Amino acid sequence: MYKVVTKRFLNDSKTICLFEIEAPLVARHAQAGQFVIFRLDEQGERVPVSVAGYDREKGTVTVMVQAAGRSTKMLHTVEEGDYISDFAGPLGKATEMEGLKKVCVVGGGVGCAIAYPIAKEMHAKGIDVTFIAGFRSADIVILKEELKAASNKLIMCTDDGSYGEKGFTTVYLKQEIENNIAQGLPQFDRVIAIGPDIMMKFLADVTRPYEISTIISLDPIMVDGTGMCGCCRVIVDGETRFACVDGPDFDAHKVDFDSLLKRAAFYTDEQNEAAQHICNITGGKRNG
Ligand SMILES: Cc1cc2nc3c(=O)[nH]c(=O)nc-3n(C[C@H](O)[C@H](O)[C@H](O)COP(=O)(O)OP(=O)(O)OC[C@H]3O[C@@H](n4cnc5c(N)ncnc54)[C@H](O)[C@@H]3O)c2cc1C
Ligand code: FES
């Protein structure tokens, strides 16, 4: 069993919540870019979430979780001092940072929570970090102060202009790339993007003509998280890869976004049905 040491909602609308979990073995090995799979209880679904931070001395791992459906909404009801059944990891490969000097990290929505530890670690290593954080609206904005501290330059934008700049992250990424060219500044040697698949697809289109190396973190449906079930398969450079063991980071210019977007929509009906389902035995929605 794994104890919830800290619980804190990160935005006004309480859609994203931070949990610090006591998990010394995971904390000992966790690195930015990796993920864990938790289960609330023995009948619970396996839910993959990224490592948003870790404290090796305290033996804790931090995750930031958006209430997307049934399991994540149930997690949001867990309180400090409660225990969850499983917290397995770290899984997947850590984000590569070797040799980088100037990077643009782009986060979309809860993707900012996943991108934050990557930016923080790169900034601490002396890499020049520009962070572009995009949200639909002001009420779901997270990590304002943390992202500022983890970057040399922070651009926050919302689709409706209710916080920061108005518009999509793609606009500001292109603007930053063009600024580097116009001012004779070194160009980004990597763009790292994490967010909705559609955002990452369009960001890849922005960087392609400039030939800027672009890495995205994929979050396809995962079950075992160990490369056994094949559920998380993605096509990269014409080959089948498993996001849980070969990723979650992949070269954005080689990912087949059309098949990725089709697979992501595959279980929508079942997920909606599960969210509505009331168990005849327990009378509650949890694990019914
Ligand atoms: C490597 C990885 C890292 C992730 N990191 C984070 C994170 O740091 N914070 C966060 O809020 N979310 C993260 N996610 C997404 C998170 O796993 C899903 O939101 C969660 O599984 C939804 O489950 P649910 O029962 O609440 O919702 P459901 O109603 O079951 O699903 C809602 C949506 O979540 C996605 N989803 C559902 N089941 C899975 C699954 N087993 N694996 C992957 N996606 C699924 C689907 O896109 C679905 O449309 C990550 C996913 C992956 C694969
Ligand atoms: S989740 Fe089963 S192979 Fe990746």
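Since the model is a prediction, treat every value here as computed from it, not as a measurement. (Residues numbered from 1 in each chain as written. Chains lettered and ligands numbered in written order. Predicted model: local features only at pLDDT ≥ 70, side-chain atom pairs only at ≥ 80, totals over all residues.)

Trainee: Can you walk me through the overall build of the chain in this structure?
Mentor: In terms of regular secondary structure, the chain is built from nine helices and 17 strands. Taken against the 2.2 N^0.38 rule, which gives 19 Å for 288 residues, the C-alpha radius of gyration of the chain at 19 Å falls within 12% of a compact globule. Of the contacts formed within the chain by residues at least 6 apart in sequence, a portion of 62% connects residues at least 24 apart. (Helix = DSSP H or I, 4+ residues; strand = E, 2+ residues; numbered from the N terminus. Rg over C-alpha atoms; globule rule 2.2 N^0.38 Å. Contact = placed C-beta atoms within 7 Å.)

Trainee: When you look at the site of ligand 1 in this model, what are you seeing that I'm missing?
Mentor: Around ligand 1 sit 25 residues, and of these Gln 66, Gly 69, Ser 71, Thr 72 and Asp 219 come closest. For the shell around ligand 1, the elements supplying multiple residues, two or more each, are strand 4 (47–50), strand 6 (60–66), helix 2 (70–75), helix 3 (111–124) and helix 9 (268–276). Residue composition of the shell around ligand 1, grouped by class: 16 nonpolar, six polar and three charged. Counting the residues that make up the shell around ligand 1, at least three belong to each of domain 1 (2–91) and domain 2 (102–264). (Near = placed C-beta within 6 Å. Nonpolar A, V, L, I, M, F, W, Y, C, P; charged D, E, K, R; others polar. Domains from an automatic or database assignment.)

Trainee: What am I meant to see in the nonpolar core here?
Mentor: One broad trend across soluble globular proteins is that nonpolar side chains are buried collectively. Formed by 82 residues in total, the largest nonpolar core has its most connected members in Val 36, Val 61, Val 63, Val 105 and Ala 113. The greatest single-element share of this core, amounting to eight residues, is contributed by helix 3. Residue-level mapping places this core at the junction of two domains, with at least three residues from each of domain 1 (2–91) and domain 2 (102–264). (Core = buried A, V, L, I, M, F, W, Y, C linked by C-beta atoms within 7 Å. Buried ≥ 20, exposed ≤ 12 C-beta atoms within 10 Å, placed from the backbone.)

Trainee: How do you make sense of the packing of helix 5 (residues 169–182) against helix 6 (residues 197–207) when you look at a structure like this?
Mentor: The packing of two helices is summarised by the inter-axis angle and the distance between the axes. Closest axis-to-axis distance for the helix 5/helix 6 pair is 10 Å, and the angle between their directions is 20°. By the angle class used here, helix 5 and helix 6 are roughly parallel. In this structure, helix 5 meets helix 6 at a crossing whose hand is right-handed. Across the interface between the two elements, Thr 169, Thr 170, Leu 173 and Lys 174 of helix 5 pack against Met 199, Phe 202, Leu 203 and Val 206 of helix 6. (Axes fitted to C-alpha atoms, helices over the stretch in contact; angles between N-to-C directions. Parallel < 35°, antiparallel > 145°, perpendicular 65-115°, else oblique. Left-handed = near helix turned anticlockwise from the far one by under 90°.)

Trainee: Explain the sheet that holds strand 1 (residues 2–9) here, please?
Mentor: One key point about sheets: their strands pair by backbone hydrogen bonds, in either a parallel or an antiparallel sense. With antiparallel pairing, the five strands of this open sheet are ordered in space as 5-6-2-1-7. Lying at the two open borders of the sheet, with one neighbouring strand each, are strand 5 (53–55) and strand 7 (83–84). Bridging between strand 2 (residues 16–22) and strand 6 involves seven bridges; their strand directions are antiparallel. Bridged to Glu 22 within strand 6 is Thr 60. (Pairing = 2+ DSSP bridges.)

Trainee: I'm lost on the domain arrangement of the chain in this one. Help?
Mentor: Often the size quoted for an interface is simply the accessible area lost on bringing the parts together. Taken as a whole, the chain is organised into domain 1 (2–91) and domain 2 (102–264). Each of domain 1 and domain 2 has a C-alpha centre, and these two points are 22 Å apart. Broken down by secondary-structure element, the contributors of at least two residues to the side of domain 1 that touches domain 2 are strand 3 (35–39), strand 4 and strand 6.

Trainee: I'm lost on the sheet that holds strand 11 (residues 153–158) in this one. Help?
Mentor: With mixed pairing, the seven strands of this open sheet are ordered in space as 12-11-10-9-13-14-17. Looking at the sheet topology across the chains shown, the edges are occupied by strand 12 (165–166) and strand 17 (249–251). With three bridges connecting them, strand 14 (residues 214–217) and strand 17 associate as antiparallel partners. Among the inter-strand pairings, Ser 217 is bridged to a residue of strand 17, identified as Asp 249. The strands touched by helix 3 are strand 9 (102–108), strand 10 (128–135), strand 13 (190–194) and strand 14; relative to strand 9, the strand with the most contacts, the crossing angle is about 160°.

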